[in-house]
Amino acid sequence: MLRGSTSKALQTITPSQQLALAKQAVYAPKPKWHPPWKLMRVISGHLGWVRCLAIDPTNEWFATGANDRVIKIWELASGKLKLTLTGHISTVRALEVSPRQPYLFSAGEDKMVKCWDLEQNKVVRHYHGHLSAVYCMSLHPTIDVLVTGGRDSAARVWDMRTKACVHTLGGHTNTLADIQTQASNPQVITGSHDSTIRLWDLAAGKTMSVLTNHKKSVRALALHPTEFSFASGSPDNIKQWKFPDGNFLQNITGHTSIINTLAVNSDGVLVSGGDNGSMFMWDWRSGYNFQKFQTTTQPGSIDSEAGIFDITFDQSGSRLLTAEADKTIKIYKEDDTATEESHPVKWKPEILKKKKY
């Protein structure tokens, strides 16, 4: 009886009304299944908070910088210490390994930006000009420039070879927290504690657009390796944006702590690391949270020492490295034994209430 009555009700809807209804209901995309991650190795050796990580382009070693003012080079496969570089006189906050030259770049709270020659293991260049602590750095993928930013709220573009400051990208009104660079315009993207993201025209040294949607400091940015889009992390939520204009794609909500770092691999796994030691794994396209971690501090640390400062995937995207406040580096890997049956996606299609900002 009921079935018949509903069909009569449906018949009264005109085709144009049906079209309108179909347009209204936008369903969220079904998340892709990702295997869960598990802790594989904990590396200790630093004497202070580990603030930054950089993976070598050949995927053989990685570098870490910490509050103990040293940079350590570790073997990725075994986790053994290969080298310790001293030279900074304050916390090392940013590291980058050049894919084209045997160089490692480091920046710290001592206002210094250094270029290390890894064949001689010593500093060969200094980039002088920041007025305060340097918090973030990015190497351009195709041209020999590096971009650094920090407390003086300007991003500085340096010519790697001549040490000259090519541009000072001014416009932010507070500390710069993260910088990303890419080969196509906008070539420089900066996130700041003034809660804005700026997309820069590198040739002109001017802002192309300012994204003001976040309500709180933007501490983390992550560019998608294959899609022309990026994510930004802030305590209010994680937002995804489309290049080149910075059109808003979607909000990813659920990670309520201060987000220090974001990383994404080519499989579409987005990871956000929180200041309280929480780590959330998301499916990039749907924004579905498939795993949550709460990091455990190493023995002898207090629980409030749980905090994740930097997260990086290795070059293959199958290892995840975190730099943490308990002075350790943790390496995670995908669980090989997991299947879609053992760890199903707990997801039901909802009609999307699409936010405009």
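Now for a quick tour of the structure. Computed from a predicted structure; not experimentally measured.

## Describing the nonpolar core
Now for step 1: Trp37, Val271, Met279, Met281 and Leu320 are the most contacted members of the largest nonpolar core, which has 14 residues in total.
Now for step 2: Only strand 23 (269–274), strand 24 (278–283), strand 25 (289–294) and strand 26 (308–313) provide two or more residues apiece to this core.
Now for step 3: No other element matches strand 26, which puts three residues into this core.
Now for step 4: Excluding residues that lie within four positions of it along the chain, Met281 makes contacts with Trp37, Val269, Leu270, Val271, Tyr288, Asn289, Phe290, Gln291, Phe293 and Leu320.
Now for step 5: Counting residues in hydrophobic clusters, the runner-up holds 13 residues, among them Tyr103, Cys115, Trp158 and Met160.

## Focus: the packing of aromatic side chains
Now for step 1: The full count for this structure, using the stated rule, is 11 aromatic pairs.
Now for step 2: Taking the centre distance of 6.2 Å and the plane angle of 85° together, the rings of Tyr103 and Phe105 count as edge-to-face.
Now for step 3: Among the residues examined, Phe105 registers a relative accessible area of 0% and is labelled buried.
Now for step 4: Each ring, one from Phe293 and one from Tyr332, has its centre 5.0 Å from the other, and the planes form 55°; the classification is tilted. Separated by 39 residues along the polypeptide, Phe293 in strand 25 and Tyr332 in strand 28 (residues 328–334) bring together distant segments of the chain. Comparing Phe293 with Tyr332, the two get one shared label, buried.
Now for step 5: Its end group placed over the ring of Phe309, Arg51 keeps NZ or CZ at 4.1 Å from the ring centre.
Now for step 6: The cationic tip of Arg93 hangs over the ring face of Tyr135; the distance from NZ or CZ to the ring centre is 4.0 Å.

## Some remarks on the side chain of Lys239
Now for step 1: Checked against the element boundaries, Lys239 lands in strand 20 (residues 238–242).
Now for step 2: At 3.4 Å, the side chain of Lys239 and the side chain of Asn237 are in polar contact.
Now for step 3: A distance of 2.9 Å separates a polar atom in the side chain of Lys239 from a polar atom in the side chain of Asn251.

## A closer look at the pairing of strand 24
Each regular strand shows side chains that alternate between the opposite faces of the sheet.
Now for step 1: With six of six residues buried, strand 24 is to be regarded as a mostly interior element.
Now for step 2: The alternating pattern of strand 24 places Ser278, Phe280 and Trp282 and Met279, Met281 and Asp283 on opposite faces, both of which are buried.
Now for step 3: Note that strand 23 and strand 24 share five bridges and pair antiparallel. Considered in strand 24, the bridge of Val271 is made with Met281.
Now for step 4: A loop of three residues connects strand 23 with strand 24, the two strands running antiparallel in sequence, and Gly277 in this loop sits at a positive phi of about 90°.
Now for step 5: The turn linking strand 24 back onto strand 25 is made up of five residues, and Gly287 within it adopts a positive phi angle of 75°.

Cut-off values and rules
- Residues numbered from 1 in each chain as written.
- Predicted model: local features only at pLDDT ≥ 70, side-chain atom pairs only at ≥ 80, totals over all residues.
- Heavy atoms only, no water.
- Core = buried A, V, L, I, M, F, W, Y, C linked by side-chain atoms within 4.5 Å.
- Buried < 20%, exposed > 50% of the residue type's maximum accessible area, 1.4 Å probe, protein only.
- Helix = DSSP H or I, 4+ residues; strand = E, 2+ residues; numbered from the N terminus.
- Contact = heavy atoms within 4.5 Å.
- Phe/Tyr/Trp six-rings, centres within 6.5 Å; stacked < 30°, edge-to-face > 60°.
- Lys NZ or Arg CZ within 6 Å of the ring centre and 35° of its normal.
- Polar contact = N/O pair within 3.5 Å; in protein donor to acceptor, adjacent residues only side chain to side chain.
- Pairing = 2+ DSSP bridges.

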